[in-house]
Each structure stands twice: as C-alpha cells, then as structure tokens.
Amino acid sequence: MKKEMFEPFNSSDNNFEQCVKCTICTVYCPVLEVNPDYPGPKQSGPDGERLRLKDQNFYDESLKLCLNCKRCEVACPHGVKIGDIIQLARIKYSKKKPKVRDMILANTDIVGTMASTFAPIVNPIVALKPVRLMMDGVLKIDHHRIFPEYAGMRFETWYRRYAASKQTDFKKHVSYFHGCYVNYNFPKQGKDLIKIMNAAGYGVHLLEKEKCCGVALISNGLIKQATKQARHNVEAFKKSIVDKNMPVISTSSTCIFTIRDEYPHLLGVKNDEIRNESELATRFLFRLIDSGKLKLVFKKDYRKRIAYHTPCHMEKLGWSVYSTALLKMIPGIDFVSLESRCCGIAGTYGFKKENYKTSQGVGKPLFDQIESSDIDFVATDCETCKWQIEMSTTKKVEHPISILAEALDVEATVKLWQK
Amino acid sequence: MKFDNIIIGGGLSGLTCGIKLAEQGKKCAIVSSGQSAIHFFSGSFDLLGKMDGQDVKNPLEAIKILPDTHPYQRVGIENISRLVVEAPRLLDRAGLNFFGKADENHFVLTPMGIMKPTWLTIDDFTRFEQNDAFPWKKAVILNFSGFLDFHTLFVQDGLKKYGVDTQIKNFAMKEFEAIRRNPSEMRSTNIAKVFDSGDALDEFAQKVNQLSEGFEVVLLPAVFGLFTKNVALNLKAKVNKPVVLLPAIPPSVPGIRSQILLRKRFEELGGTYFLGDNVEEGTFKNNRLVAVQTNNHGDIKLEADQFVLASGSFYSKGIVATREKLYEPILGLDIDGDTDSEKWLDEKFFNDQPYMHYGVKTDSGFRALKNGKPIENLFVAGSVLGGANALKEGSGAGISLLTSLHVAEQILK
C-alpha cells in the first residue's frame, strides 16, 4: 500500500514535485560541505528541475560536482529521487563532450583488457612518479592517485582453467557477476567467493559474456555506450535467471546497485525480470543462514579487530546490515562500527585532477575515524572505497567475502550439509 | 530478519520508544523512510501550552480536563505524572540536556519575538519565568551578513512590546565567505559546520564582544553545534554578556544534533536503524502482525514479537487524505476520522481544523484496530494517534514522548 504515496496523479517523469523544500538533503550532502561551488542537492535537483523543464539553458555544468552518492535520497523524508534528477539532468542537458581522459577512466573493460595483458610492464610504469606527473599534466588525472595494480591472469581466464569444471559437482547453482575489478585487478576476491559458495554447496558459473556494468560510463557522460552495455547485461542476466533459474550474485556493491536501480532510472533499460534475483553475495548468504538453510562454521583461531565502512551505494541499498551480520557471526571478530560517511572517491570522480581536493575533503572525517580506531583492517563492499581508504589511510581494506573465506572452516561447513 | 521489536518511524516517538525498549535489553529495529521532523525542532518540547486559546500555567493540572479521547487521558493522568519525570531522564542519557517542569510551564522567546509557554527546553536556549517582561532593557540583535533565515525585524518588533531598546547589527567574517558565494546555501547548518570544524568560534566571540559593547544582552540565531555538542555552551562562556539564542528557519541545528544523538544512543544500545527504507506491507496472522516487508529488504522480511507504528501524521504521510478517502497507507489500519470529506475542513483557516484530530484508531491499550479488531501485537504511538490538535494545544512533543514511553511499558509488561 505504501507504494501509492510515490505515485501521485500529478507527477512528472521524476517526482520533483514531491519536494517540500525542507532542505534536509543539503545537510547530508558530502560535497556541499567541502566545496561551495556545488549548488547542493536541493538547488541542483528539484529546484533546478523546475527551471530546466522550462528552458534547458538553466542547466549548470556545476552539477558535475555531484558524486552521485545518493545520500540526499536516503535523507529525503518525501522519497524524492534527488540524485536521479541530477544525473538525468546531466544526461539530458550537458553539452560538454567527455574528454579523452574521461574515456580512458570510463572504459574499464577495454583498458583492463589491454593493461592486464601487459600487466608486468603496465603496473610499474603507471606507478612511476614521472609517469604520474605526466598523466597529471596531460590527462588531468591527479598525480596523488595510484592506479590499482592489474593482475597478470584475468579472473575469467583463471576460472576457465582451474575452477569451471568443478562447478558442476554441486546440486545448487548461482551465476557470478564479477565486475571489472575482480577480473582485471583482483581475481582473489572472485576466488574467495567461489570458495565460500562451494563450501555452502553452490556451484558458481560465469554469465555468458558479462560486460562492465557501465557505472563509470554513466558518470562520464558516455550514455550511448552505457545503454548498449546495460541491454547486453540484462540479456545475459535473463539467460541465467529466467532460462536456467540461477540467481546472479556479485561482490561489488556499485555494480549491483547500477544494474538494479540505475539501469531503469537513468538509462531507461528495463530490468523487471532480473532485478529481484540480482543481488550481493552477502545478501544471498544472509538469506540462507537467516532461513536456517545454511550454517557456516568458522576457524577457532581467527582473531581480528575490524571496522566496517558503509559505501554510499550500500547506504542507498540499505544492505550493509547483511555484510555486518555475516562478519559478526565470526566468533573471533572484534567488530567496530564506523559512522556512515562518504569516502570521497566515487569511482572515477576522485581520480580527476579538478576533483582531488574535494574528494579528499569529503573523505577526511572517515579517514580520521579509521586512523583513530585501532583496528587490524577495514572491511567494505566497494572496490573504489577500498582504493580510496588504502590511498588515504595507513590501513588495508578487505572485502567481507574475503574475510569470511579466510575465517571459514571449509571442511566443517561442507560436512554439515553433506550428511 | 528477526527482532524483538520493530518500530515503524524514526522520529521523536520512534526513537524514544526504541531507546526505552533497548535500554531494557530488547533487540530493536527502527525503519525510517527518511530523516525525521526532529530536523524542524524549535528547541523546546511542549506538554500543553494552550487551552481554549489561553496560556496554560500548570499542564499537569490542565490535562485533567481534556476530553476522554485525548491521548493524555488515554495514557492516564497517573501514568502521565510518572512519565513526565522519565522523559527528560531518557533524553539526558542520550546526551541531551533539557530543563523545565511539567507542573509549571516556562517561556521561550520565539523568532517572531513573542513569549511562548513550554515544558522542556534544551540547554542551548534561554528559559524565561514570565511572559510579560524581558529581563534586559538594551539588546543587540546580531546576524551574519547574507544569512536570510533569521528575521531580525520580527524579533525587534516583538521586543519593542516589552519596552526593550534594540539595535540590529550585521557582520561578516572571512570564514563565511566561501558559503556566502552561494546565497541559497548560506544556511544555519552550513554556518554551524564552519564552527564545528574550525577555530572560528574565538574570533566570532571577540567580534560579538565588540559589537555588544553598551548593550545588556546579545541575541543570535541558533547556528551552533551541528555535529559537535558543546559549541553553544563554549560560545556563551566566551561572550562577556548573556547570550540568548533564537531558532532560525529549519533545518534546525539543535534539532539535527538531537536526532543524531538519539539515533546514536539507540544504536549504542544495540538497535538497528534502517534509514531511507519504507515498509510496504505487513503479514497478519490470527490478529497478529507477524512480519513486515520493506522496499530495501524485499523478500527478506523483518519479523518481530511486537511492532510499534510511529509513522507521524499527514506531513510524514503516516496518514494520507486524497479526494476520495482518508487512510493509513502502510498497514491499512482503521482511521479515527470523518468519512465525509466535506467535514474535514473548517473554512476559517485559523479555527480548530477537524482533520488535525484524525489518526489511527486504537483500543484502550494503544493497539491498532484493523477492520474493527485490535491487532494484539501492534501498538501505535506519537502523532499518528488521533484525538488532539497538537498545533492548537501546543502538545505535539508531549504526545510523542509520553505515548511512546507508555507503549514501550505495555510491551515490557
């Protein structure tokens, strides 16, 4: 019944009329706090929309300063899709063409394929200071930034060589949307997922040709390409979910958020048939455990003090509770909660020279919390939050799935469902 | 996902109820569709301010002659007398220091320059014993240049009636130049953030001391201490005259701080606060609510032994009126209100509007009614309850605090 309140008879394509001008969103905007050049979510979103509908010349390029964290939407008492309004305005009205740099940052698939092929050469080169200074000068990629290392063997290649054949041994099956980061930079996270899912009794399969979710294409204004990839992915998901009755799980909060919510809201790509069964691995596991269908057994000697950071898109999804609940199940974990704040990186946003200062300013309260919390490492579900925290604090960051994989007693877990 | 208690609504009622239950060891969750009306907090909680248009001197006495349908009467006078002592203590444990008496209203100066009776006032603000006099004769009203949410002329006009000689002064500081570049963002919360993070307060206090020379008292907008607690108190210590803070146009700085501290208290007690999520439907079995389904959690339903509906009134969409009908949008509960829409409004705007009394129907134990039958484990608290015009009476916060404490006690029985 609650749905009724979001579909009033007088609404436009987006629901900006529902804004009552309470300005609560502006309190929680992380950008506004450090960069007053940004007009803020209320002005950029519902207020500006009113004007832009009359004349698109009211569009203001400063909307690019929005890092699409959606914290305004989480705060809004009236369910206004403030973040979507801002992103859609950029898509519809921006006349500025994406720069070469934006295309390099956004095309994670192409760049990843090339870079991982030549990983032993690429990694040391892009880490060199003169190279970083050149990228700063020519491409305007801030020299403070260090690109995540590329893996020599892509996850997909590893999977086909070493994991694929074993997956048919299981009675139950899921597909895994690994995303670009796992494929090109950090295959270990994918391997950890397979370890857990196999221990839980599930075979893990890859989609028929997954493509980058497109989040970076959307934020860099490459909408045509993003839409094409979205359509491709929805079809690939359908083949798993509808045709084979296999849900799709992922370890990247941003990929899954983009596929579930940004595809229909920003790109107009319908995903009704797949949305409910496209989710994060932590949520999938939580559901199994919560409904008594699965029990995980953990090693007795695992002892760590861990702080969980809630990525913005997890805040929007409302799903950090699943990751934290799983972590708290590990007996040897001393769990520290961090106040939910944006880390400032927002994917490619923080790599751009013009955003570097804002990015670090936004993240500072989080970095201070982490530094003062006396922990072994930070846990989070988002890869770009991981880079940002590792670049900006002295702590390492692990994915909850990797922590579970490390702490899990595989044999004891398997025994529970095999008998 | 299983909890002992689930509260729908994360405002003053929901948080009070959640804190009380969590303090007694209950595993609680609050589902809140967005940030709450505490963001509009004036700095004071009213118990009963007005009756028949007259200021109430002793709310505890005056409550006794309210109609039987009023939430205070339904909680019971004895219970109320007890809970009015408990409420400020609960707030105090959350780090919110309120002062005032339930059997004797004090007064606060509003941003319209009038004295209003109230029950509890947070320590940022000044409590006055009389409403027919102002303790000082020469006052300076200070405002930040470019800050449009503090209307100094209203304050000046109001104080004139008390025979106070006032002067308005605006001032600028370089720390506020950045936020002033964007006139629509020169807001109280952004000014407060400057004081929170930097060392602007010392220079500011010096400036206040200079500008208030020759005056007995300084009036300022309440823009101190958003994420940091003691900014207003520190300011008062640094200024060499009494400082009277007045609420600015919302969002309210003391209000947001209160929301943050209440939520923090709830979470420190082990509570789970789901922000930005909506309850979409409930599963009922044998006159019991078994589980609720939310937008974010979908098929993973939230289960509990008892539920509390504290979803607010019309403004928070706890109840909704369309041209055709009046309804409770989350669980489809019975509404105490007129079915004939002609009777909802009194055409004289300032009259006691009938619709303001509408709310969810309950039995005497504050259990919600659905199709005429009480739902055994679903309690209702706060402004979603009918039976009072909180605006006319000055009773909104009192009803929220006391009915939620009462409901929590029913659950703990």
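Residues numbered from 1 in each chain as written. Chains lettered and ligands numbered in written order. Predicted model: local features only at pLDDT ≥ 70, side-chain atom pairs only at ≥ 80, totals over all residues. Heavy atoms only, no water.

With 41 residues of chain B in contact, the opposing surface of chain A contributes 38 residues. Counting the contacts that link chain B with chain A gives 4 salt bridges. Here chain B and chain A share 13 residue pairs in polar contact (both at pLDDT 80 or more) between them. Of all elements in the fold, only α6 (177-180), α7 (188-197), β14 (272-275) and β15 (279-285) of chain B reach the threshold of two or more residues within the side of chain B that touches chain A. By residue class, the composition of the side of chain B that touches chain A is 17 nonpolar, 16 polar and 8 charged. (Contact = heavy atoms within 4.5 Å. Salt bridge = Lys/Arg side-chain N within 4 Å of Asp/Glu carboxyl O. Polar contact = N/O pair within 3.5 Å; in protein donor to acceptor, adjacent residues only side chain to side chain. Helix = DSSP H or I, 4+ residues; strand = E, 2+ residues; numbered from the N terminus. Nonpolar A, V, L, I, M, F, W, Y, C, P; charged D, E, K, R; others polar.)

It is worth spelling out the packing of helix α1 (residues 12-23) of chain B against helix α4 (residues 77-93) of chain B at this point. In a pair of packed helices, the angle between the axes and the distance between the axes together describe the arrangement. Residue and element names in this part refer to chain B. Packing of α1 against α4 leaves a shortest axis separation of 11 Å and a crossing angle of 80°. Between α1 and α4, the angle falls in the class roughly perpendicular. Here Thr-16, Ile-19, Lys-20 and Glu-23 of α1 lie close against α4, whose contacting residues are Glu-86, Leu-90 and Arg-93. The class makeup of the residues in the contact of α1 with α4 is 2 nonpolar, 1 polar and 4 charged. (Axes fitted to C-alpha atoms, helices over the stretch in contact; angles between N-to-C directions. Parallel < 35°, antiparallel > 145°, perpendicular 65-115°, else oblique.)

It is worth spelling out the packing of aromatic side chains at this point. For the structure on display, the rule yields 32 aromatic pairs over all chains. Ring geometry for Phe-155 of chain A versus Tyr-159 of chain A: centroids 6.4 Å apart, planes at 45°, classification tilted. Here Tyr-159 of chain A and Phe-155 of chain A lie together in helix α10 (residues 155-163), a separation of 4 residues that amounts to about one turn. The residues Phe-155 of chain A and Tyr-159 of chain A share a single accessibility class, namely buried. Taken together, the ring pairs connect Phe-144, Phe-147, Phe-171, Phe-176, Phe-195, Phe-204 and Phe-224 of chain B into an aromatic cluster. Between the NZ or CZ atom of Arg-145 of chain A and the centre of the ring of Phe-351 of chain A, over which it lies, the distance is 5.8 Å. Here Lys-138 of chain B stacks its cationic end above the ring of Phe-215 of chain B, 5.1 Å away from the centre of that ring. (Phe/Tyr/Trp six-rings, centres within 6.5 Å; stacked < 30°, edge-to-face > 60°. Buried < 20%, exposed > 50% of the residue type's maximum accessible area, 1.4 Å probe, protein only. Lys NZ or Arg CZ within 6 Å of the ring centre and 35° of its normal.)

The subject of this paragraph is the domain arrangement of chain B. Reports often express the size of an interface as the amount of accessible area lost when the parts come together. Residues and elements named next belong to chain B. The assigned domain composition of chain B is domain 1 (2-102 + 256-412) and domain 2 (136-241). Between domain 1 and domain 2, the residue contacts involve 6 residues of the former and 7 residues of the latter. Where domain 1 abuts domain 2, roughly 480 Å² becomes buried across the two surfaces, and 58% of that area is made up of carbon and sulfur atoms. The largest per-residue losses of area from domain 1 upon contact with domain 2 belong to Ile-256, Arg-257 and Ile-260, which jointly make up 78% of the total buried on that side. For the pair domain 1 and domain 2, the number of links is 0 salt bridges. Inspection of the region where domain 1 meets domain 2 yields 3 residue pairs in polar contact (both at pLDDT 80 or more). (Domains from an automatic or database assignment. Buried area = accessible area lost by both parts, 1.4 Å probe.)

Attention now moves to the sheet that holds strand β1 (residues 172-177) of chain A. Residues and elements named next belong to chain A. If you walk across this open sheet you meet the 4 strands as β2-β1-β3-β4, and the pairing is parallel. The open sheet has two edge strands with one neighbour each: β2 (202-206) and β4 (278-280). Sheet twist, expressed as the mean angle between neighbouring strand axes with direction ignored, is 40°. Both strand β3 (residues 248-250) and β4 contribute to a ladder of 3 bridges, which runs parallel. Among the inter-strand pairings, Ser-250 is bridged to a residue of β4, identified as Leu-280. On the sheet, helix α12 (residues 187-199) packs against β1, β2 and β3 and is oriented at approximately 145° with respect to β2. (Pairing = 2+ DSSP bridges.)

Per the UniProt annotation, the sites labelled "domain: FAD-dependent oxidoreductase 2 FAD-binding" (unreviewed entry) are residues 4-399 of chain B. Across residues 4-399 of chain B, the secondary structure splits into 27% helix and 25% strand, with the terminal C-alpha atoms separated by 24 Å. (UniProt positions renumbered as here; feature names shortened; annotations may be inferred.)

Let us look at the pairing of strand β5 (residues 304-308) of chain A. All names here are of chain A. Across 5 bridges, β5 lies against strand β6 (residues 333-337) in parallel orientation. Bridge pairing in β6 links Arg-305 to Asp-334. Relative to strand β7 (residues 377-379), β5 runs parallel, the two sharing 3 bridges. The partner of Ala-307 across the bridge, within β7, is Val-378.

The next point concerns the state of the cysteines. By definition, a disulfide links the sulfur atoms of two cysteine residues through a covalent bond. Residues and elements named next belong to chain A. Scanning the model with the defined rule gives 0 disulfides over all chains in all. Considering cysteine sulfurs only, Cys-312 is the nearest to Cys-69, which forms no disulfide, with 4.6 Å between them. Its relative accessible area of 8% is what places Cys-69 among the buried residues. Cysteine Cys-385 remains unbridged, with the sulfur of Cys-382 as its closest cysteine sulfur at 3.6 Å. By relative accessible area, Cys-385 is classed as buried at 6%. (Disulfide = S-S within 2.5 Å.)

Looking now at the pattern of salt bridges. Residues and elements named next belong to chain A. For the coordinates displayed, the defined rule picks out 45 salt bridges over all chains. Here Glu-279 ties to Arg-287 by a salt bridge, and the two come within 2.8 Å at their closest N and O atoms. A cluster of three or more residues bridged by salt bridges with shared partners is formed by Arg-101, Asp-102, Lys-352 and Glu-354.

Residues and elements named next belong to chain B. Judged by how many residues are buried, strand β12 (residues 217-221) sits mostly within the fold: 5 of 5 residues are covered. Neither face of β12 is open: one carries Val-217, Leu-219 and Pro-221, the other Val-218 and Leu-220, and all of them are buried. Bridge analysis of strand β10 (residues 138-144) against β12 gives 3 bridges, and the strand direction is parallel. Bridge pairing in β12 links Ala-139 to Val-217. After leaving β12, the chain enters helix α9 (residues 231-238) and then returns to the sheet as strand β13 (residues 243-246), a path that is right-handed. (Right-handed = clockwise from strand over helix to strand, strands pointing away.)

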